[in-house]
Amino acid sequence: MRIIAFYSPKGGVGKTAAAVNVAYLASKDNCQTLLWDLDPQGASSFYLSGAEPLKGNKLSKLLEGKSPIATFIHSDVYPRLDFIPAHSSFRNFDIKLDQETDGNQLKKLLAPLSEETSLVILDCPPTLSRLTEQVLEVADQVYVPLVPTWLSMNSWNQLHDFAKSKKLGVKKLRPFFSMVDRRKKLHQELVKRGPELTANCLDVAIPYASVVERMGEEGQPLEKLDAKSTAAGAYRQLWASIKKDLW
Ligand SMILES: Nc1ncnc2c1ncn2[C@@H]1O[C@H](COP(=O)(O)OP(=O)(O)OP(=O)(O)O)[C@@H](O)[C@H]1O
Ligand SMILES: [Mg+2]
């Protein structure tokens, strides 16, 4: 079982859109996939219509081992795609993790899934917290969307330094460009200079496209919504690069 995360300390950069599209593409590629929406805002759920949080189950029960992780999973949202929607009790994840001193809780929660799941995708909230540390520790690779602006580059450098100082494996951080507007000179320049400005940059640029925004409205991944669009092609390229990283 491989574990990847989509993470950035910056909000609204395309983490969730990428996580959902890659999860769908992986499942279409015969890979038994589980997408876990770790953000209590629950944006992934908008993109996968019908996958409401399961009632009655709580994070505390999960962490105490009283409810197995399987009871949080929506099976087969699409064939070979399982989903753990955001749960309002997940907003306390950081507090709960702070109370636990006994190793990486996220790793323990994911362990029982290893037999039937090939790929776990963690859609992370834009925070730099205890949960983030555990994600950075447990993930085989962490994909970081970068909007091509100097501010984003700065925030990338901060994340890189944070991972380095905490010894969380900087090499697994893989940035890729997101929301790229080719009409903007700065976007063109930064995408071109990506490999020079960031370590381990993927050769992938997701364009800024209104069809991506429509995913939320229609509750569908882009491959289902408009497979012929340039953006859908870019997400397929992203999945191909991730596959190369992992296997
Ligand atoms: N390539 C794109 N082109 C145009 N709009 C996009 C693109 N990617 C994402 N969006 C839109 O931008 C907004 C933020 O995207 P998304 O939710 O994927 O970002 P995020 O990084 O997960 O945000 P958060 O930090 O709040 O979790 C959404 O409204 C989404 O539809
Ligand atoms: Mg998100």
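Placed above this text is the structure.
Computed from a predicted structure; not experimentally measured. (Residues numbered from 1 in each chain as written. Chains lettered and ligands numbered in written order. Predicted model: local features only at pLDDT ≥ 70, side-chain atom pairs only at ≥ 80, totals over all residues. Heavy atoms only, no water.)

(A) Region of interest: the packing of helix H1 (residues 15–28) against helix H12 (residues 230–246). Two elements in contact, H1 and H12, have axes whose closest approach is 9 Å; the angle formed by their N-to-C orientations is 70°. What the angle tells us is that H1 and H12 run roughly perpendicular. Residue-level inspection shows Ala17, Ala18, Asn21, Val22, Leu25 and Ala26 of H1 in contact with H12, the latter providing Tyr235, Arg236, Leu238, Trp239 and Ile242. Looking at the contact of H1 with H12 residue by residue, the class counts come to nine nonpolar, one polar and one charged. (Axes fitted to C-alpha atoms, helices over the stretch in contact; angles between N-to-C directions. Helix = DSSP H or I, 4+ residues; strand = E, 2+ residues; numbered from the N terminus. Parallel < 35°, antiparallel > 145°, perpendicular 65-115°, else oblique. Contact = heavy atoms within 4.5 Å. Nonpolar A, V, L, I, M, F, W, Y, C, P; charged D, E, K, R; others polar.)

(B) Structural detail: the packing of aromatic side chains. For the structure shown, the criterion picks out five aromatic pairs. Measuring from ring centre to ring centre gives 5.0 Å for Tyr24 and Tyr78, while their planes differ by 75°; the resulting arrangement is edge-to-face. Of this pair, Tyr24 sits in helix H1 while Tyr78 sits in strand E3 (residues 74–78), and the two are 54 residues apart along the sequence. Tyr78 matches Tyr24 in its accessibility class, with the two residues each being buried. When the ring of Trp36 is compared with that of Phe93, the centres are 6.3 Å apart and the planes differ by 45°; the resulting orientation is tilted. (Phe/Tyr/Trp six-rings, centres within 6.5 Å; stacked < 30°, edge-to-face > 60°. Buried < 20%, exposed > 50% of the residue type's maximum accessible area, 1.4 Å probe, protein only.)

(C) Local environment of the site of ligand 1. Close to ligand 1 lie 18 residues, the nearest being Val13, Lys15, Thr16, Ala17 and Pro207. Backbone polar atom of Gly12 to an oxygen atom of ligand 1: 3.0 Å apart, as the coordinates give it. Between ligand 1 and Asp39 there is a distance of 3.4 Å, counted from an oxygen atom to a side-chain nitrogen or oxygen. Within the complex, 83% of the 630 Å² of free accessible area of ligand 1 lies under protein. Put simply, the parts of the chain that give the shell around ligand 1 at least two residues each are H1, strand E8 (205–207) and helix H10 (210–218). Per element, the largest residue contribution to the shell around ligand 1 is three residues, and it comes from H1. Taken together, the residues of the shell around ligand 1 sort by class into ten nonpolar, five polar and three charged. (Near = heavy atom within 4 Å. Polar contact = N/O pair within 3.5 Å; in protein donor to acceptor, adjacent residues only side chain to side chain. Areas by Shrake-Rupley, 256 points an atom, 1.4 Å probe, with all protein chains shown as cover.)

(D) Representation of the sheet that holds strand E1 (residues 2–6) in the model. With mixed pairing, eight strands are arranged side by side in an open sheet as E3-E4-E2-E5-E1-E6-E7-E8. Because the sheet does not close on itself, it has two edges, and the strands there are E3 and E8. Averaged over all neighbouring strand pairs, the angle between strand axes comes to 25°, with direction disregarded. Of the pairings in the sheet, the one linking strand E6 (residues 141–146) to strand E7 (residues 173–180) comprises five bridges and is parallel in character. Among the inter-strand pairings, Tyr143 is bridged to a residue of E7, identified as Arg174. Along the sheet face, helix H8 (residues 185–192) touches E7 and E8 and points at about 160° away from the line of E7. (Pairing = 2+ DSSP bridges.)

(E) Representation of the pattern of salt bridges within the structure. This structure, assessed with the given rule, holds nine salt bridges. Across the pair Arg130 and Glu133 runs a salt bridge, and its minimum N-O distance is 3.5 Å. Here the residue Arg130 and the residue Glu133 both occupy positions in helix H6 (residues 130–138), the gap between them amounting to three residues, near one helical turn. Residue Arg130 is classed as partly exposed on the basis of its relative accessible area of 27%. Between Glu196 and Arg193 there is a salt bridge, and its shortest N-O distance comes to 3.0 Å. Through salt bridges that share partners, Arg130, Glu133 and Lys166 make up one connected network. (Salt bridge = Lys/Arg side-chain N within 4 Å of Asp/Glu carboxyl O.)

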